[in-house]
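Each chain is listed here by its residues.
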Amino acid sequence: MTGLPQDKTAEPRSISSSKLAVLRKHPIFCDLDPEALDQLCRYAKHAMLKRGATNSLVAVISGTVKISVSSAEGRSAILNLIGAGETFGEVAVLDGQARTADATAHTNCEIFLIDRREFLPFVRSQPALAMKFIELLCMRLRWTSDQVEQVILQDLPGRLASALIRLTEKHKLAPKGRMIAITQQEISEMVGMTRESINKQLRIWAMRNWVRLEHGAIVVLESGPLQALAEAGTEND
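Residues numbered from 1 in each chain as written. Predicted model: local features only at pLDDT ≥ 70, side-chain atom pairs only at ≥ 80, totals over all residues. Heavy atoms only, no water.

*Asks:* What's the story with the overall build of the protein chain in this structure? I'm lost.
*Replies:* Within the protein chain, the regular secondary structure consists of nine helices and 11 strands. Burial status across the protein chain gives 45% buried among its 237 residues. Sequence separation of 24 or more characterises 72% of the internal contacts of the protein chain that already satisfy a separation of 6 or more. By element, 54% of the accessible surface of the protein chain is carried by carbon and sulfur atoms, the whole surface being about 12,600 Å². (Helix = DSSP H or I, 4+ residues; strand = E, 2+ residues; numbered from the N terminus. Buried < 20%, exposed > 50% of the residue type's maximum accessible area, 1.4 Å probe, protein only. Contact = heavy atoms within 4.5 Å. Areas by Shrake-Rupley, 256 points an atom, 1.4 Å probe, with all protein chains shown as cover.)

And the structure:
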């Protein structure tokens, strides 16, 4: 796997003291009792995202991480965008096998990582935490199933609308002026269509004032028509 973090051998005191506050706010770890949270903090290593390989659970503190796969011919597909307050690497940590996707920094990223050798015994001692990871993995499976269904059953407008709605809901963006920090090339890799086709469709929607196109971002102005397209999967231009 590429785009993975590197441990810091000498961790600044300010970073170490911030672990408790950061992990306490994380939805996976927020319900741990104080003693367990203190123990988890001792395992968490501060890092910045870089190329490498590791068998670690990664919690994103700030920034966005792109999860993608590539073919031997150089084609790539984006599976997910992981933002602050989310984790990735759960499957490799739990089963000890090689990762199945690449993780690269979509923006500047600050992370904590917890090595598998320390994390597995900790999870065994915290049944409630194990249940949260089961729920998380189920959520990821549903997300993947939705993506497969869209690629197989929906046309381009339906796929693109579904992706935009999914990204705004995932990151809990404001109802009006929902800005998604993603390029047209990246969203083309997410929905499995060419950038040219994506650009053409987005320009149609921009003329209808459903979206606004910005450098490196798409702003959703009217989610209602996009939601209707996502549900129907077809559109008559």
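*Asks:* In this structure, what is going on with the packing of helix α5 (residues 127–153) against helix α6 (residues 156–170)? I would like to understand it.
*Replies:* Between two packed helices, what matters for the description is the angle formed by their axes and the separation of those axes. Packing of α5 against α6 brings their axes to within 10 Å, and their N-to-C directions diverge by 160 degrees. With respect to α6, the element α5 is oriented roughly antiparallel. With respect to the hand of their crossing, α5 and α6 are arranged in right-handed fashion. Residues W143, Q147, Q150 and V151 of α5 touch α6, and the partners they reach there are R159, S162, R166 and K170. Counted by class, the contact of α5 with α6 contains two nonpolar, three polar and three charged residues. (Axes fitted to C-alpha atoms, helices over the stretch in contact; angles between N-to-C directions. Parallel < 35°, antiparallel > 145°, perpendicular 65-115°, else oblique. Left-handed = near helix turned anticlockwise from the far one by under 90°. Nonpolar A, V, L, I, M, F, W, Y, C, P; charged D, E, K, R; others polar.)

*Asks:* Looking at this structure, I do not really get the nonpolar core. What am I missing?
*Replies:* If you look at soluble globular proteins, the nonpolar side chains tend to sit buried side by side. Ranked by size, the top nonpolar core spans 25 residues in total, and within it L164, I182, I187, L202, W205, V211 and L226 carry the most contacts. If you list the elements that add at least two residues to this core, you get β5 (76–82), α6, α7 (184–191), α8 (195–207), β11 (217–220) and α9 (223–232). Sorting elements by how many residues they give to this core places α6 first, with seven residues. If you look at the next biggest cluster of nonpolar residues, it comprises 20 residues, including L32, L40, V93 and F133. (Core = buried A, V, L, I, M, F, W, Y, C linked by side-chain atoms within 4.5 Å.)

*Asks:* Explain the environment of A130 here, please?
*Replies:* Tracing the chain through its elements places A130 in helix α5. Given a relative accessible area of 24%, A130 falls into the partly exposed group.

*Asks:* In this structure, what is going on with helix α4 (residues 116–124)? I would like to understand it.
*Replies:* Listing the buried residues of α4 in full gives F119, L120, F122 and V123. One side of α4 carries all its buried residues, which in axial view fall inside an arc of 165 degrees. Set apart from the buried face of α4 by more than 90 degrees, the exposed residues are R117 and R124. On its buried face, α4 is in contact with α2 (34–43), β3 (56–62), α3 (90–95), β8 (110–115) and α5. (Arc of directions from axis to C-beta.)

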